[in-house]
Amino acid sequence: MNTIKLTASVLAITAVSVGAAAARDNVQVAGSSTVLPYASIVAEAFGENFEFPTPVVESGGSSAGLKRFCEGVGENTIDVANASRKIRDKEIKACAEAGVTDIIEVRIGYDGIVFASQLTGPDYTAFTEADIFNALAPKVLVDGQLVDNPYTKWSDFNADLPEADILAFVPGTKHGTREVFEEKVIAKGCEETGALQAMLDSGMSEDDAEDACLAVRTDGRSVDIDGDYTETLARIDSNPNGIGVFGLAFYENNTDKLKVATMSGVEPTTESIAAGEYPVSRPLFFYVKKAHIGVIPGLKEYAEFFVSDDMAGPDGPLAEYGLVSDPELAETQNALTNEDIMN
């Protein structure tokens, strides 16, 4: 297929509502709010270009989508789970216990996690992982001692940062973005500041110290957002001092409202992510229930269309929206054609 029709509704990134699912001749998709706009673009274009109904795409977060995916096999369960992280072992086990034993993992490309704020707000333009840890951790290292976090302004621990109240809106625990935020920002900052070593020196086990590193303060300076990025954006709109954690693609489509900070001196762009330079990036996935292929009309066709060169390639509409194309896309396409399942 050389020409893909993209309607205005595609470019508006409007997901199909759950109420649109009438009969089970629709492919049903749920999960990551990060993957949602990409899946919505693909679903709309699929409906325009194939003799199948437009798939129903819902959000809810990676964990919520995978939980629904693992409820069982049958037309009353979803066919595809979108995720901004890999499926966990405990989720694979839950799937198997419910009869979902053959799962096809599909990597669609890469995305970055960025820290953005109001265009006219404080000059948040450069952060390090240590800055984010010092701002948001419940305990930090001060004069060689682990103490309850005393910081109320960014400049309290880094004179190069604005003298503005600390207020961060971070993804809630049901979002795959939260896991990446914890592992690639908070955990690294914990290590860089010496807090991790101080915990170990105090007698904590390695596992307990690593878990403690991922905690965030509960005094209102760090606010979990359970909704999608539009909720985070609304919070930023009403809180001039706030910073928010977003996917790169969402930021790039809201540059009229947001400015972005570098992380460890690297600006988040599709180029810096593709080159492996930007430190806070992650692969994006969707998971297909193999037992539904051949039963739910258009399921395999939708999955193959999603990762086709026309859609997920470097010149496709997903890249235009902000997806960093996977250099191993051809291997993904072959594995999907062969219906290779996870081992």
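Here goes a summary of the coordinates provided. (Residues numbered from 1 in each chain as written. Predicted model: local features only at pLDDT ≥ 70, side-chain atom pairs only at ≥ 80, totals over all residues. Heavy atoms only, no water.)

1. Description of the overall build of the protein chain
And then number 1: Across its full length, the protein chain holds 15 helices and 13 strands.
And then number 2: For the protein chain, the C-alpha radius of gyration of 21 Å lies close to 20 Å, the compact-globule estimate for 343 residues.
And then number 3: Across its three principal directions, the C-alpha atoms of the protein chain cover 65 × 45 × 35 Å.
And then number 4: Within the protein chain, the proportion of its 343 residues that are buried is 51%.
And then number 5: Expressed as a percentage of contacts within the protein chain between residues at least 6 apart in sequence, the contacts between residues at least 24 apart total 75%.
And then number 6: About 14,500 Å² of surface is accessible on the protein chain, with carbon and sulfur atoms providing 47% of the total. (Helix = DSSP H or I, 4+ residues; strand = E, 2+ residues; numbered from the N terminus. Rg over C-alpha atoms; globule rule 2.2 N^0.38 Å. Buried < 20%, exposed > 50% of the residue type's maximum accessible area, 1.4 Å probe, protein only. Contact = heavy atoms within 4.5 Å. Areas by Shrake-Rupley, 256 points an atom, 1.4 Å probe, with all protein chains shown as cover.)

2. Re the layout of surface pockets
And then number 1: Taken as a whole, the second largest pocket holds about 200 Å³ of empty space.
And then number 2: What lines the second largest pocket is a set of 13 residues, among which Glu-105, Val-106, Arg-107, Thr-332 and Ala-335 lie closest to the centre.
And then number 3: Those elements that provide at least two residues to the lining of the second largest pocket are strand 4 (103–118) and helix 15 (329–337).
And then number 4: Considering only residue class, the lining of the second largest pocket consists of 7 nonpolar, 1 polar and 5 charged. (1 Å grid on protein atoms, 1.4 Å probe; cavity = no way out; pocket = protein on both sides within 12 Å on 5 of 7 lines; lining within 4 Å. Points joined across faces, edges and corners; volume = space filled by probe spheres on them. Nonpolar A, V, L, I, M, F, W, Y, C, P; charged D, E, K, R; others polar.)

3. Topic: a negative patch on the surface
And then number 1: On the surface, a cluster of negative charge is made up of Glu-206, Asp-207, Asp-208, Glu-210 and Asp-211.
And then number 2: Checked against the element boundaries, Glu-210 lands in helix 8 (residues 206–213). (Patch = residues over 30% accessible without salt bridge, like charges linked within 9 Å, V, L, I, M, F, W, Y side chains within 5 Å. Salt bridge = Lys/Arg side-chain N within 4 Å of Asp/Glu carboxyl O. Lys, Arg positive; Asp, Glu negative; His and termini not counted. Charge placed at Lys NZ, Arg CZ, Asp CG, Glu CD.)

4. Overview of the nonpolar core
And then number 1: Counting 51 residues, the largest nonpolar core has Phe-115, Phe-127, Ile-132, Trp-154, Phe-181 and Phe-246 as the members making the most contacts within it.
And then number 2: Setting aside its immediate chain neighbours within four residues, Ile-132 contacts Phe-115, Phe-127, Trp-154, Phe-181, Val-185, Ile-186, Ile-243 and Met-263.
And then number 3: With 35 residues, the next largest nonpolar core counts Phe-46, Val-106, Ala-249 and Met-311 among its residues. (Core = buried A, V, L, I, M, F, W, Y, C linked by side-chain atoms within 4.5 Å.)

5. Regarding the pairing of strand 6 (residues 139–142)
And then number 1: The sheet contact formed by strand 6 and strand 7 (residues 145–148) spans 4 bridges and is antiparallel. Counterpart to Val-140 in the pairing with strand 7 is Val-147.
And then number 2: In sequence, strand 6 turns back onto strand 7 through a hairpin of 2 residues, with Asp-143 there showing a positive phi of about 55°. (Pairing = 2+ DSSP bridges.)

6. Quick look at the packing of helix 5 (residues 129–136) against helix 6 (residues 176–192)
And then number 1: Orientation of helix 5 relative to helix 6, taken along the N-to-C sense of each, is 90°, at an axis distance of 7 Å. By the angle between their axes, helix 5 is roughly perpendicular relative to helix 6. Residue-level inspection shows Glu-129, Ala-130, Ile-132, Phe-133 and Leu-136 of helix 5 in contact with helix 6, the latter providing Phe-181, Lys-184, Val-185, Ile-186, Lys-188, Gly-189, Cys-190 and Glu-192. (Axes fitted to C-alpha atoms, helices over the stretch in contact; angles between N-to-C directions. Parallel < 35°, antiparallel > 145°, perpendicular 65-115°, else oblique.)

7. Here's the deal with the state of the cysteines
And then number 1: One pass over the structure, following the stated rule, counts 2 disulfides.
And then number 2: Each disulfide pairs two cysteine sulfurs, and for Cys-70 the partner residue is Cys-95, the sulfurs being separated by 1.9 Å. Across the S-S bond of Cys-70 and Cys-95 the torsion is about -75°, and the bridge reads as left-handed. Here Cys-70 is found in the loop between helix 3 (62–69) and strand 3 (80–83), whereas its partner Cys-95 is found in helix 4 (residues 89–97), with 25 residues between them in sequence.
And then number 3: Each bonded cysteine of the protein chain gets a number by its place in the sequence, and the pairs then read 1-2, 3-4. (Disulfide = S-S within 2.5 Å.)

8. Quick notes on helix 2 (residues 36–49)
Counting along an α-helix, one turn takes 3.6 residues, and residues three or four places apart therefore face a common direction.
And then number 1: Along its 14 residues, helix 2 runs 20 Å from first to last C-alpha, staying within 8% of the 20 Å computed at 1.5 Å per residue.
And then number 2: Those residues of helix 2 that fall on the buried side of the exposure criterion are Leu-36, Pro-37, Tyr-38, Ala-39, Ser-40, Ile-41, Val-42, Ala-43, Glu-44, Ala-45 and Phe-46. (Expected span 1.5 Å × (residues − 1).)

9. Some words on the pattern of salt bridges
Side-chain pairs of opposite charge can arise whenever the charged atoms involved come near each other.
And then number 1: Tallied over the full model, the rule gives 17 salt bridges.
And then number 2: For Glu-328, the salt bridge goes to Arg-107, with nearest N and O atoms at 3.0 Å. Of this pair, Glu-328 sits in the loop between helix 14 (317–321) and helix 15 while Arg-107 sits in strand 4, and the two are 221 residues apart along the sequence.
And then number 3: Using a relative accessible area of 41% as the deciding quantity, one classes Glu-328 as partly exposed.
And then number 4: We note a salt bridge from Arg-282 to Asp-111, for which the minimum N-O separation is 3.3 Å. Here Arg-282 is found in strand 13 (residues 281–289), whereas its partner Asp-111 is found in strand 4, with 171 residues between them in sequence.
And then number 5: Connected via shared salt-bridge partners are Arg-85, Arg-88, Glu-91 and Glu-179.

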